Amino acid sequence: MLVLGAALAGGALCAVVPGPTLFAVAALLWLLRRHARPAVLGLAIVALGAGAFRARAAIDGFEAERARARLELGPPQRCAVWGRVETQPIESDGKPRYVVLVERSDCETGKVQAGLRVGVTGGPDGLARGDTVEAIVDLAPLEVLHNFDLGDPRPRVARRGVVLTGSALHASLEERGHGLFAAIDRARAFVRKRIQASFAPDAIPMARALVLGENDLDPADDAAFKKSGLSHLLAVSGTHLVFAVASIVRALTALLVRWERFAAGRDAARTASLIGIVLALGYADFAGGSGSALRAAFMLSALFAARVVGRSGCASRALAWSLWIGWALDPLLAFDISFLLSLGATCGLLLLGKPFAVPVERLKSRGARFLGGSIATTLAAMVPCAPLLALLGSDLTLAGIVANVLAAPLGEVVALPLCLSHALVSPWPALEHGVALVASGALLVVKQIARESAAATFLSIPMPEPSGYQLALALVAATALCLGREGAGGRIAPHVRHAWVASALLGVIALELLVRRAGAPRGELRLTALSVGQGDSSLVDLPNGALMLVDAGGVMAGADPGERVVVPTLRARRRKRIDVVVLSHPHPDHFGGLLAVIRSVKIGEIWDTGHASERAAGPVYAAFRAEAARRGIPIRFPRELCAAPRDFGGARVRVLEPCPGPVPGRSANDDSFVLELRYGRRGFLMMGDAEHEAEATLLRNHPRLRADVLKVGHHGSRTSTGGELVARVLPEVATVSCGARNRFGHPSPEVMARLAALGTRALRTDLSGAIRARTDGERLDVEVSTFPALPERLSSLGRDPNR
């Protein structure tokens, strides 16, 4: 049953990353061929196919709905929306976030069809599921960032089902909802209010995370908890349910047993367990309904259900039921990272808990056994989660083991019970404040432990992001080890097990070498226009292995484009150094992510036009320049760069504008760096945000300008990419960096028509995701990161994607 549950949930991986998944399945089938009945293995294959089919249908249905919603809405605009609150309101930065199922709408020019799910930020306090609201919302299409090295983002957004999002300028409650879910949400609002009223200010976000599952931590604290491995203390998990539900069931059982009239005719344990199922599911929903909370609730409910029908509880069978129920509710369950982390930790405790505890039991001192037991438990839970943490960009830290030993008792024995019981004592203000005071102290100590552990960088072990095939090999090795722990009848011979594990490890190392080689190609010029929303960022791989980053900006609903896209891309490609960082001009949609980049990797030098002072360009640019000065990174300006082209392994990089420097009185856009990159017979032209004035100067100074790939200026604005420039350059391919949520009409239909008239293939990052052009000096290859690209979906609906 556990094998079938894993196959159903894993089918989603087969639909999205078929190569690594099928490789893992083939290896596991070979491993299990003598340890499972052929019928079970055959059913597992059928279950895998069923899971893949449901996942593909969910993703394709969501993508079709997203394309249609974008066409019907048009550009971002203000809409009046009437609808029903469909999801649990979650408070973030003092505002509720929730999903509205639209019943009707009234927009400036476009429309929002009834039945669409719209994500809304802002509204009245105390909203609950089932409430009917009227809201004035600045709506825009959902921004989905596709990039080559960062995995497919579609399953994550498809799970939520939201196709349009926006901030509410005004929202009012039209009619209150009723029922169990509405009651749970109102109870959440009450508990949140009491936490905010009685806890220490610095402890409030942690208390809300612990009780309500709302992650509203300060970014620095959030990073510290992740880096120290203590995030699980603030995540609703099995520990919460054991305390909040299992303890209640035990107490209820004891109470019913003592009730003679009831106990005489009924089984107290079964009755309490039946109530426990309702409590487990209700508490998981009250605590935010995260994947980890639901996994624990499903597993605990399965154990209670076994007791109700008079059977003994089995942890592995309960785990299997949690997979079956989870998959039935969500075909893309395999992409819920909180569910996977919870699942991995549970499997680790079930499979590794006893083996890790054996050496601890031999210790003579009671204190040593307690300390050793805590370390063994922490390691058993951490080992299976290590590959998943690597996917999240988290380094493993040895300090995390010590941090868990110190913080876990405070978090689970002191803070958790007090936080959960805090709301129950609200009728007694003195007691409420006393409980909040002690709980706040415990949480603040846990936070300080997380900070100190995260600061011990010398104990960190860098974890490169594993590829799909590396994860598949790790799963095969883990399965071989687990099979080796079976009884004598099913045990794999030691030499066979060792061969499997050694082969998997060698495969992981070989794949790592291939990933590093692919991430730093040699003998070719490669330009990658990253998908960063409404902004600009490009990576240029040069033939000698050097790397150039041109801009790192973008507008992504409050997210940092450097942290979300550029740095993860560099990490996935194993690039720890950028030889040249080019800031085309000092505008936020071009430099917004540079500070995160400069703090994460080594930088050889920076090219800056020098157009604006640090004060004029704003605090982010000033912080970037200050960080560069602190790190001793040289900054080069046009007067030096225009003097002669730079050679990188046979590729020539030439600064064409602004030469010899910025023109007084000219805009920052027209003073953008214009770069020409040539390798063999092929050339790329990068225009920054240069507009018509700069284009005229460029053509006058370089009358024989040609390029195979044109990076279109100013995101395709009508103020750039004039007819004379396009006719002179005659590009085969043009790339446009723009976002789905931009309000400027980028790219201009006139520009797109101008390029099409000359036979230029124009690609947009908002539709096609990241765009990669590569050449060996002769051949030119261009690819996009989406499959199928959104333009194909738009065309299938009978609409021009460029309008």
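Computed from a prediction, not measured in an experiment: that's the story for all the values here.

With that out of the way, let us pick up the overall build of the protein chain. Each helix and strand in the protein chain was counted, giving 29 helices and 23 strands. Here the C-alpha atoms of the protein chain give a radius of gyration of 29 Å, agreeing with the 28 Å that 2.2 N^0.38 yields for 803 residues. Projected onto the principal axes, the alpha-carbon positions of the protein chain cover approximately 100 × 70 × 50 Å. Out of the 803 residues belonging to the protein chain, those deemed buried represent 52%. For the protein chain, restricting intrachain contacts to residue pairs at least 6 apart in sequence, the fraction spanning at least 24 positions comes to 71%. Surface summary for the protein chain: the accessible area is close to 35,500 Å², and the carbon and sulfur share equals 60%.

A few words on the side chain of Arg526. As for its position among the elements, Arg526 is in strand S9 (residues 525–529). Judged by its relative accessible area of 5%, Arg526 falls in the buried class. The residues contacting Arg526, other than those within four sequence positions of it, are Ala518, Gly519, Pro521, Leu539, Val540, Asp541, Arg573, Arg772, Ala773 and Arg774.

This structure, assessed with the given rule, holds 50 salt bridges. A salt bridge links Asp60 to Arg56, with the nearest nitrogen and oxygen atoms 3.3 Å apart. Taken together, the residues Asp60 and Arg56, both in helix H3 (residues 38–73) and 4 residues apart, mark about one turn of the helix. What makes Asp60 partly exposed here is its relative accessible area of 31%. Where Asp216 meets Arg208, a salt bridge forms, and the shortest distance between an N and an O atom there is 3.2 Å.

It is worth spelling out the sheet that holds strand S19 (residues 709–711) at this point. Reading across the sheet, the 7 strands line up as S15-S16-S17-S18-S19-S20-S21 and stay open at both edges, with mixed pairing between neighbours. Only two strands of the sheet have a single neighbouring strand rather than two, namely strand S15 (646–648) and strand S21 (761–764). Direction aside, neighbouring strands of the sheet carry axes that sit 20° apart on average. Pairing of S15 with strand S16 (residues 651–657) involves 3 bridges; the strand directions are antiparallel. Looking at the pairing, Arg646 lines up with Val653 of S16.

The subject of this paragraph is the packing of helix H1 (residues 2–16) against helix H2 (residues 18–32). Running from N to C, H1 and H2 point in directions that differ by 130°, and their axes come no closer than 6 Å. Accordingly, the angle class assigned to the pair H1 and H2 is oblique. Contacts between H1 and H2 pair Gly10, Leu13, Cys14, Ala15 and Val16 from the former with Pro18, Thr21 and Leu22 from the latter. Tallied by class, the residues present in the contact of H1 with H2 amount to 6 nonpolar, 2 polar and no charged.

On to the environment of Ala474, then. Take Ala474: it is sitting in helix H17 (residues 468–483). Put simply, Ala474 and Pro427 are 47 residues apart on the chain and 53 Å apart in space, counted from C-alpha to C-alpha.

Here the focus is unusual backbone geometry. In this model, Cys659 is joined to Pro660 through a cis peptide bond whose omega is 0°. Secondary-structure assignment places Pro660 in the loop between S16 and strand S17 (674–679). Looking along the chain, the bond that leaves His746 and enters Pro747 is cis, with omega of -5°. Mapped onto the elements of the fold, Pro747 is located in the loop between strand S20 (733–736) and helix H27 (749–757). Positive phi values are uncommon outside glycine, yet His714 reaches one of about 50°. Exposure remark for His714: the relative accessible area of 14% places this residue in the buried category.

Before going further, it helps to examine the packing of aromatic side chains. Under the counting rule described, the total for this entry stands at 4 aromatic pairs. Ring geometry for Phe23 and Tyr469: centres 6.0 Å apart, planes at 65°, overall edge-to-face. You can see Phe23 sitting in helix H2 and its partner Tyr469 sitting in helix H17, a full 446 residues away along the chain. Residue class for Phe23 comes out partly exposed when judged on its relative accessible area of 36%.

Tallied over the entire structure, the rule returns 2 disulfides. The disulfide bridge from Cys79 ends at Cys107, spanning 2.1 Å between sulfur atoms. Classification of the bridge connecting Cys79 and Cys107 rests on its S-S torsion, roughly 110°, and on that basis the disulfide is right-handed. With Cys79 in strand S1 (residues 77–85) and Cys107 in strand S3 (residues 95–107), this pair connects stretches of sequence that are 28 residues apart.

This paragraph deals with H2. An ideal rise of 1.5 Å per residue puts 21 Å on 15 residues; H2 measures up with 21 Å between its terminal C-alpha atoms. Listing the buried residues of H2 in full gives Pro20, Thr21, Ala24, Ala27, Leu28, Leu31 and Leu32. Buried residues of H2, seen end-on, are gathered within an arc of 135° and therefore sit on one face of the element.

Let us look at the nonpolar core. Within the largest apolar cluster, 48 residues are counted, with the highest numbers of intra-cluster contacts made by Phe199, Tyr283 and Leu443. Listed by contribution, the elements that provide at least two residues to this core are helix H5 (180–198), helix H6 (204–212), helix H8 (238–258), helix H10 (268–286), helix H11 (291–308), helix H15 (399–422) and helix H16 (429–455). Excluding anything up to four places from it in sequence, Leu443 contacts Phe199, Ala203, Met206, Ala207, Leu210, Ala415 and Cys419.

One can find Ser537 in the loop between S9 and strand S10 (538–541). Beyond its immediate stretch of four places on either side in the chain, Ser537 contacts Thr528, Ala529, Leu530, Val532, Leu549, Val550, Asp551, Ala552, Gly553 and Val566.

Our next topic: the environment of Pro462. Following the sequence through the fold, Pro462 ends up in the loop between strand S8 (460–461) and H17. Considered as a pair, Pro462 and Ala390 are 72 residues apart in the sequence and their alpha carbons are 8.8 Å apart.

Between its first and last C-alpha atoms helix H19 (residues 561–572) spans 16 Å; for 12 residues at 1.5 Å apiece the expected length is 16 Å, and the two agree. For H19, the secondary structure elements touched by its buried residues are helix H18 (494–519), S10, strand S11 (547–550), strand S12 (577–583) and helix H21 (594–600). A distance of 2.7 Å separates the backbone nitrogen of Gly562 from a side-chain oxygen at the start of H19, and that oxygen is part of Asp560.

Taken in spatial order, the 8 strands of this open sheet run S14-S13-S12-S11-S10-S9-S22-S23, and their pairing is mixed. A strand with exactly one partner marks an edge of an open sheet, and here the two such strands are strand S14 (635–636) and strand S23 (780–784). Here strand S22 (residues 771–775) pairs with S23 via 5 bridges, running antiparallel. Looking at the pairing, Thr775 lines up with Leu780 of S23.

Turning to a nonpolar patch on the surface, a few remarks are in order. A contiguous nonpolar surface patch, about 490 Å² in accessible area, is contributed by Met1, Trp321, Trp324, Ile325 and Leu329. You can see Leu329 is positioned in helix H12 (residues 315–329). Residue class for Leu329 comes out exposed when judged on its relative accessible area of 62%.

What follows concerns the packing of H5 against H10. Relative to each other, H5 and H10 sit at 55°, their axes nearing to 10 Å. Here H5 is positioned oblique relative to H10, judged by the angle of their axes. Of the two elements, H5 crosses H10, and the hand of that crossing is right-handed. Together, Phe181, Ile184, Ala187, Arg188 and Val191 of H5 and Gly282, Asp285 and Phe286 of H10 make up the contact between the two elements. Each residue belonging to the contact of H5 with H10 can be placed in one class, and the counts come to 5 nonpolar, 1 polar and 2 charged.

Scoring rules and cut-offs
- Residues numbered from 1 in each chain as written.
- Predicted model: local features only at pLDDT ≥ 70, side-chain atom pairs only at ≥ 80, totals over all residues.
- Heavy atoms only, no water.
- Helix = DSSP H or I, 4+ residues; strand = E, 2+ residues; numbered from the N terminus.
- Rg over C-alpha atoms; globule rule 2.2 N^0.38 Å.
- Buried < 20%, exposed > 50% of the residue type's maximum accessible area, 1.4 Å probe, protein only.
- Contact = heavy atoms within 4.5 Å.
- Areas by Shrake-Rupley, 256 points an atom, 1.4 Å probe, with all protein chains shown as cover.
- Salt bridge = Lys/Arg side-chain N within 4 Å of Asp/Glu carboxyl O.
- Pairing = 2+ DSSP bridges.
- Axes fitted to C-alpha atoms, helices over the stretch in contact; angles between N-to-C directions.
- Parallel < 35°, antiparallel > 145°, perpendicular 65-115°, else oblique.
- Nonpolar A, V, L, I, M, F, W, Y, C, P; charged D, E, K, R; others polar.
- Phe/Tyr/Trp six-rings, centres within 6.5 Å; stacked < 30°, edge-to-face > 60°.
- Disulfide = S-S within 2.5 Å.
- Expected span 1.5 Å × (residues − 1).
- Arc of directions from axis to C-beta.
- Core = buried A, V, L, I, M, F, W, Y, C linked by side-chain atoms within 4.5 Å.
- Polar contact = N/O pair within 3.5 Å; in protein donor to acceptor, adjacent residues only side chain to side chain.
- Patch = residues over 30% accessible without salt bridge, like charges linked within 9 Å, V, L, I, M, F, W, Y side chains within 5 Å.
- Left-handed = near helix turned anticlockwise from the far one by under 90°.

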